[in-house]
Amino acid sequence: QVQLVESGGGLVQAGGSLRLSCAASGPTLTTSWFRQASGKEREFVAAIRVTAGTTYYADSVKGRFTISRDNAKNGVFLQMNSLKPEDTAIYYCAASPYYRAAAAATGSYDYWGQGTQVTVSS
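Residues numbered from 1 in each chain as written. Predicted model: local features only at pLDDT ≥ 70, side-chain atom pairs only at ≥ 80, totals over all residues. Heavy atoms only, no water.

Caption draft 1: Spatial organisation of the overall build of the protein chain. Assigned secondary structure in the protein chain consists of 0 helices and 11 strands. Taken from the N to the C terminus, the helices and strands of the protein chain come in the order β-β-β-β-β-β-β-β-β-β-β. Projected onto the principal axes, the alpha-carbon positions of the protein chain cover approximately 40 × 25 × 25 Å. Burial statistics for the protein chain: of 122 residues in total, 43% are counted as buried. Sequence separation of at least 24 residues holds for 55% of the intrachain contacts in the protein chain that already meet a minimum separation of 6. Here the protein chain has roughly 6200 Å² of accessible surface; of this, 48% comes from carbon and sulfur atoms. Side-chain charges of the protein chain comprise 11 positive and 8 negative groups, with the mean position of each set lying 5 Å from the other. (Helix = DSSP H or I, 4+ residues; strand = E, 2+ residues; numbered from the N terminus. Buried < 20%, exposed > 50% of the residue type's maximum accessible area, 1.4 Å probe, protein only. Contact = heavy atoms within 4.5 Å. Areas by Shrake-Rupley, 256 points an atom, 1.4 Å probe, with all protein chains shown as cover. Lys, Arg positive; Asp, Glu negative; His and termini not counted. Charge placed at Lys NZ, Arg CZ, Asp CG, Glu CD.)

Caption draft 2: Quick peek at the pattern of salt bridges. With the rule as written, the count across this model stands at 5 salt bridges. Where Asp-59 meets Lys-62, a salt bridge forms, and the shortest distance between an N and an O atom there is 3.2 Å. Here Asp-59 matches Lys-62 in class, with each residue exposed. Arg-64 serves as the salt-bridge partner of Asp-87, at 2.8 Å between the closest nitrogen and oxygen. Of this pair, Asp-87 sits in the loop between β8 (75–80) and β9 (89–96) while Arg-64 sits in the loop between β6 (55–57) and β7 (65–70), and the two are 23 residues apart along the sequence. Exposure class is identical for Asp-87 and Arg-64. Each is buried. Connected via shared salt-bridge partners are Arg-35, Glu-43, Arg-64 and Asp-87. (Salt bridge = Lys/Arg side-chain N within 4 Å of Asp/Glu carboxyl O.)

Caption draft 3: Molecular detail of the state of the cysteines. Evaluation of the coordinates by the stated rule reveals 1 disulfide. Linked covalently through their sulfurs, Cys-22 and Cys-93 form a disulfide whose S-S length is 2.0 Å. Every disulfide takes its handedness from the sign of the S-S torsion; for Cys-22 and Cys-93 that torsion is -75°, giving left-handed. Of this pair, Cys-22 sits in strand β3 (residues 18–24) while Cys-93 sits in strand β9, placing them 71 residues apart in sequence. Each member of the pair, Cys-22 as well as Cys-93, carries the same accessibility label: buried. (Disulfide = S-S within 2.5 Å.)

Caption draft 4: Just the nonpolar core, in detail. Counting residues in hydrophobic clusters, the biggest one holds 32 residues, and the most contacted among them are Leu-4, Trp-33, Val-45, Phe-65, Leu-78, Met-80 and Tyr-91. At the level of secondary structure, the elements contributing two or more residues to this core comprise β3, β4 (30–36), β5 (43–49), β7, β8, β9 and β11 (116–121). If near-sequence neighbours (up to four positions away) are discounted, Tyr-91 is found in contact with Glu-6, Leu-20, Trp-33, Phe-34, Arg-35, Val-45, Phe-65, Leu-78, Met-80, Gly-115, Thr-116 and Val-118. (Core = buried A, V, L, I, M, F, W, Y, C linked by side-chain atoms within 4.5 Å.)

Caption draft 5: Structural context of the packing of aromatic side chains. Taken as a whole and assessed by the stated rule, the structure comprises 4 aromatic pairs. Seen from their ring centres, Phe-34 and Phe-44 are 5.6 Å apart, and the 75° between their planes marks the pair as edge-to-face. With Phe-34 in strand β4 and Phe-44 in strand β5, the pair connects residues that are 10 residues apart, well separated along the chain. Across this residue pair, the class does not change: Phe-34 and Phe-44 are buried. Arranged with centres 6.3 Å apart and planes meeting at 75°, the rings of Tyr-109 and Trp-112 form a pair that is edge-to-face. The exposure class assigned to Trp-112 is partly exposed, which follows from its relative accessible area of 28%. Grouped by ring-pair contacts, the aromatic residues Phe-34, Phe-44, Tyr-109 and Trp-112 constitute a single cluster. Of note, Arg-19 hangs over the ring of Phe-77, and the distance from its end group to the ring centre comes to 4.2 Å. Across the ring face of Tyr-92, the terminal group of Arg-42 is positioned such that the distance to the ring centre comes to 3.8 Å. (Phe/Tyr/Trp six-rings, centres within 6.5 Å; stacked < 30°, edge-to-face > 60°. Lys NZ or Arg CZ within 6 Å of the ring centre and 35° of its normal.)

Nothing here speaks to function; it is all geometry.
Structural data, given as structure tokens:
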């Protein structure tokens, strides 16, 4: 069982930046970020294959968000720039120790964090 702990959320004005961190208690193969806005379904944001460094992004965040990892510390980060009010959501870290091709699917992940709130004011 891998525990995931997110941090770094908060309140920021539109156009600002935040950096989210996900600390894992053990090694993972794929780690991702999803988000869920109030009244909406959970949606994929970004994923990284931890060993290879391959990254995936939702179209809505491409060019603004960057996912990265620190393999020595089992950490994954999400740098969020040029934030918009529509980015407001609870952001969840998800991870799997197995390779599953569908990096954007919630069903591909075995472990989930508790989430961190990101609020972008206009």
